[in-house]
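Observations on the three-dimensional arrangement
Here is what each chain is made of, one letter per residue.
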Amino acid sequence: MLASGSKGIVRVWRVTDGAALLSLEENTAMVSALAFSPDGRLLAAGTERGDVSVWQLGEPRKAGFGNLLISLPKENDSVTGLQFSPEWQLLFVGYQSGVVQVWQMGGDQPLEPVYQTKEVGGRITSLAISPAGDLLVLGINDIYQSGGPVTVWGIPDGE
């Protein structure tokens with residue numbers, strides 16, 4: 001599957017034949033970041049207005065396909081990066097201000113980030129998790145440098 005976002009809509013496509021599988025009404029804001037969970041069962045969408053929604057995918061035409069699972073509390077900051085951990089228990093959300101929030105997926109826990117960084121010294125332009133799930137890589141647009149730095153952070157086991 002492939003996901004695309006525009007103003008207020010996220011579309012999910014089947015790559016093999018280009019068929020549109022799903023159209024998700026996000027809201028009226030421009031979609032600024034998308035991420036599939038490693039198993040393809042979840043899709044996170046973030047907007048320029050700070051909204052983050054997580055949708056259930058799984059198998060097309062099966063129960064629950066396209067259901068909204070959670071909406072994270074809105075931030076007054078543009079979402080610039082999203083990434084699930086390899087086992088998809090964590091969702092990393094990067095913001096234009098340089099803050100990263102880490103959210104626990106699933107369970108009966110209250111909807112609060114389990115971790116939040118301070119500003120990292122520039123606008124987060126991208127983020128990635130290593131295949132082993134032990135490193136978080138941030139692309140940062142530093143106003144004082146052309147191109148900006150890449151920052152690598154360790155992720156503790158079990159967190």
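Structure's up top.
Summary of the structure given here. Every value quoted in this text rests on a predicted model; they were computed, and no experiment measured them.

**Some points on the pairing of strand S1 (residues 2-5)**
Two strands pair when backbone bridges link them, and S1 and strand S2 (residues 7-13) are joined in this way by four bridges, in the antiparallel orientation. When the sheet's bridge partners are listed, Gly5 is paired in S2 with Val10. Remark: one residue form the turn of the hairpin made by S1 and S2, two consecutive strands paired antiparallel.

**A short note on the sheet that holds strand S7 (residues 79-84)**
Sheet strands line up and pair through hydrogen bonds in the backbone, either parallel or antiparallel. What the four strands build is an open sheet, ordered S7-S8-S9-S10; its pairing is antiparallel. Because the sheet does not close on itself, it has two edges, and the strands there are S7 and strand S10 (113-116). Each strand axis lies, on average, 20° off the axis of its neighbour in the sheet, ignoring direction.

**What about the side chain of Gln101?**
Among the secondary structure elements, Gln101 is positioned in strand S9 (residues 100-104). Among the residues examined, Gln101 registers a relative accessible area of 2% and is labelled buried. Within the local environment of Gln101, its side chain forms a polar contact with the side chain of Glu75, the two groups lying 3.2 Å apart. Residues in contact with Gln101, not counting those within four places in the same chain, are Glu75, Leu91, Phe92, Val93, Tyr95, Pro113, Tyr115 and Gln116.

**Quick notes on the sheet that holds strand S13 (residues 150-154)**
Strand order in the open sheet made by the three strands is S11-S12-S13, with antiparallel pairing throughout. The sheet is open, and its two edges are formed by strand S11 (123-129) and S13, each paired on a single side. Taken pair by pair, the neighbouring strands of this sheet meet at an average axis angle of 25°, ignoring direction. Bridge analysis of S11 against strand S12 (residues 135-141) gives six bridges, and the strand direction is antiparallel.

**Side note on the pairing of strand S5 (residues 52-56)**
Of all five residues making up S5, four are buried, and the element is well covered by its neighbours. The pairing of strand S4 (residues 42-47) with S5 spans five bridges and is antiparallel. Bridge pairing in S5 places Gly46 opposite Val52. Here S4 hands over to S5 after four residues, with Gly50 in that stretch at a positive phi of 95°. Bridging between S5 and strand S6 (residues 68-72) involves four bridges; their strand directions are antiparallel. Within the sheet, the bridge partner assigned to Val52 lies in S6 and is Leu72.

**Remarks on the pattern of salt bridges**
Per the stated rule, a full pass over the model turns up two salt bridges. Two residues, Asp17 and Arg14, come together in a salt bridge whose shortest N-O distance is 3.0 Å. A residue is classified by how much of its surface remains accessible, and Arg14, at 31% relative accessible area, is partly exposed. Linking Arg41 and Asp39 is a salt bridge whose minimum nitrogen-to-oxygen distance equals 4.0 Å. Taking relative accessible area as the criterion, Asp39 reaches 36% and is therefore assigned partly exposed.

Rules of the game
Residues numbered from 1 in each chain as written. Predicted model: local features only at pLDDT ≥ 70, side-chain atom pairs only at ≥ 80, totals over all residues. Heavy atoms only, no water. Pairing = 2+ DSSP bridges. Helix = DSSP H or I, 4+ residues; strand = E, 2+ residues; numbered from the N terminus. Axes fitted to C-alpha atoms, helices over the stretch in contact; angles between N-to-C directions. Buried < 20%, exposed > 50% of the residue type's maximum accessible area, 1.4 Å probe, protein only. Polar contact = N/O pair within 3.5 Å; in protein donor to acceptor, adjacent residues only side chain to side chain. Contact = heavy atoms within 4.5 Å. Salt bridge = Lys/Arg side-chain N within 4 Å of Asp/Glu carboxyl O.

By themselves, these figures tell us nothing about what the structure is for.
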